[in-house]
Each structure stands twice: as structure tokens, then as C-alpha cells.
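Listed below, chain by chain, are the residues.
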Amino acid sequence: MSSRITAELREEVGKGAARRARRQGKVPAVLYGRGFPTRHLLVEAREFEALLHRGGRGVVELEIAGETVRSLVKEVSRDPIKDTLLHVDFLAVEEDRPVEVEVPVVLVGQAAGVREGGVLEHYVDTVTVSCLPRDVPSALEVDVSGLGLGDHITAGEIRLPSGVRLLTPPGEVIAAVTETAAHREAAAEASAGEGAPPGS
């Protein structure tokens, strides 16, 4: 799956030029790759934010002065206070060469353990995979409906599309259903009540 956004060649570089670009609603960016000349670019902030909202981790087709370059978003820098975009790194990709990319993990379904008084915890938002650019998934769905209280699901249990290989350690916990303090207290009180002598 690929998305398409427009970029323009950046004629000025440096902090001052970058600040002026951001005031105009544009984000400084750089495009690089194996055997590919580095290019300094500008992309529209709104257009790029919309790309990220749609997932943004698949192949991105950059339209640069009439040329289309297939790339991946490698790094996004944001202001730590305002959360505004500061800079974007794009990696140009070769169609026949595998790439390593982080893919969002989306939890689907209602965990059975939540109905038993537990809380669904989502520990890992992305996993790293290796595949050809055309096979990069926009997201990976993890069905948590079978998770009971105290159960968890690991990266190695994620169903991967054909041609996609997991690089994240397979034992890394993606999500788990944990007990709430209230549930533990209620269970402890019930257990104490069961063990109390008659008439107490």
C-alpha cells in the first residue's frame, strides 16, 4: 500500500530557512538512500500530518518536480512541547531490495478478560518487519478477543502477510489483560469469606 504527497526542492538550508518554512506551513525534509543523491525538500505540514493519520508507515510516493520517488518515512522530529513537526527523513527504496520498517499494531476485538474485571493494556504500538517495499503493510491487526484475565499476546503470535518477516523479538508482549486493584481486592475478600468459619 502506498500514499502520495507532493514535495518541493528546498533552495535554502539552515535554521533560519527552516523556521521561515515552518511559519509558512511547510516542513523541512531530507530524502536519501543507497546510491541515491541526497535531496533537501519541503512538504506541506497538513498533508504530511494527514499521511501520518492514515498510518504513514507504508511506501510513500513523493512527487518532486514531476518525478515520482518511492520512499519510506524513516524519522519524524517534533517539538517536545508544542508537538509541531520540525523535520522529516525519507528513505528512497529499491523495488527489489527488502527494507526494515516499523508498522503500527492495531488491537481489534473485545478482550474476554475485560468483562471479568480486567483492563486491556497495549504495551507495544509498533513492530519492526522486513519485506519488499511493495509488501509493507499499513498496519497489523491483533485480535485480542480470546484474551482472558491474566493472558497476553506476543509479537511472535501476530499473523503476518505473505513476504513479511518479523524482526521484533517474538517474545515481546504486545498486549495483556491485567487485574485492576478493585478486582484483586474483591477476589481477596471473597477468598477470605470462603475460608472463614461458619457463623463468623
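Reading the values: the criteria
Residues numbered from 1 in each chain as written. Predicted model: local features only at pLDDT ≥ 70, side-chain atom pairs only at ≥ 80, totals over all residues. Heavy atoms only, no water. Helix = DSSP H or I, 4+ residues; strand = E, 2+ residues; numbered from the N terminus. Polar contact = N/O pair within 3.5 Å; in protein donor to acceptor, adjacent residues only side chain to side chain. Contact = heavy atoms within 4.5 Å. Salt bridge = Lys/Arg side-chain N within 4 Å of Asp/Glu carboxyl O. Buried < 20%, exposed > 50% of the residue type's maximum accessible area, 1.4 Å probe, protein only. Phe/Tyr/Trp six-rings, centres within 6.5 Å; stacked < 30°, edge-to-face > 60°.

Attention now moves to the side chain of glutamate 63. With respect to the helices, strands and loops of the structure, glutamate 63 is situated in strand E4 (residues 59–64). Separated by 2.7 Å, the side chains of glutamate 63 and threonine 68 make a polar contact. For glutamate 63, the residues in contact, after removing those within four places along its chain, are Arg4, Ile5, Thr6, Ala7 and Thr68.

A positive phi is found at alanine 65, a non-glycine position, where the angle reads about 50 degrees. In this structure, alanine 65 sits in the loop between E4 and strand E5 (67–78). A positive phi angle is found at aspartate 83, which is not glycine, with a value near 65 degrees. When you line up the elements, aspartate 83 lands in the loop between E5 and strand E6 (85–92).

Another point: the pattern of salt bridges. Taken as a whole and judged by the stated rule, the model has nine salt bridges. Note that arginine 4 and glutamate 63 form a salt bridge whose closest N and O atoms lie 2.1 Å from each other. With arginine 4 in strand E1 (residues 2–9) and glutamate 63 in strand E4, the pair connects residues that are 59 residues apart, well separated along the chain. Taking the relative accessible area as the measure of exposure, arginine 4 reaches 48% and is therefore partly exposed. Arginine 78 serves as the salt-bridge partner of aspartate 83, at 3.9 Å between the closest nitrogen and oxygen. For aspartate 83, a relative accessible area of 46% corresponds to the partly exposed category. Connected through shared salt-bridge partners, Arg4, Glu61, Glu63, Arg70 and Glu95 make up one network.

In this section: the packing of aromatic side chains. If you walk through the whole model with that rule in mind, you get one aromatic pair. With a centroid separation of 6.0 Å and an interplanar angle of 85 degrees, the aromatic rings of phenylalanine 48 and phenylalanine 90 are classed as edge-to-face. In this pair, phenylalanine 48 is assigned in helix H2 (residues 45–53) and phenylalanine 90 in strand E6, connecting sequence segments 42 residues apart. The class of phenylalanine 48 is buried, set by a relative accessible area of 0%.

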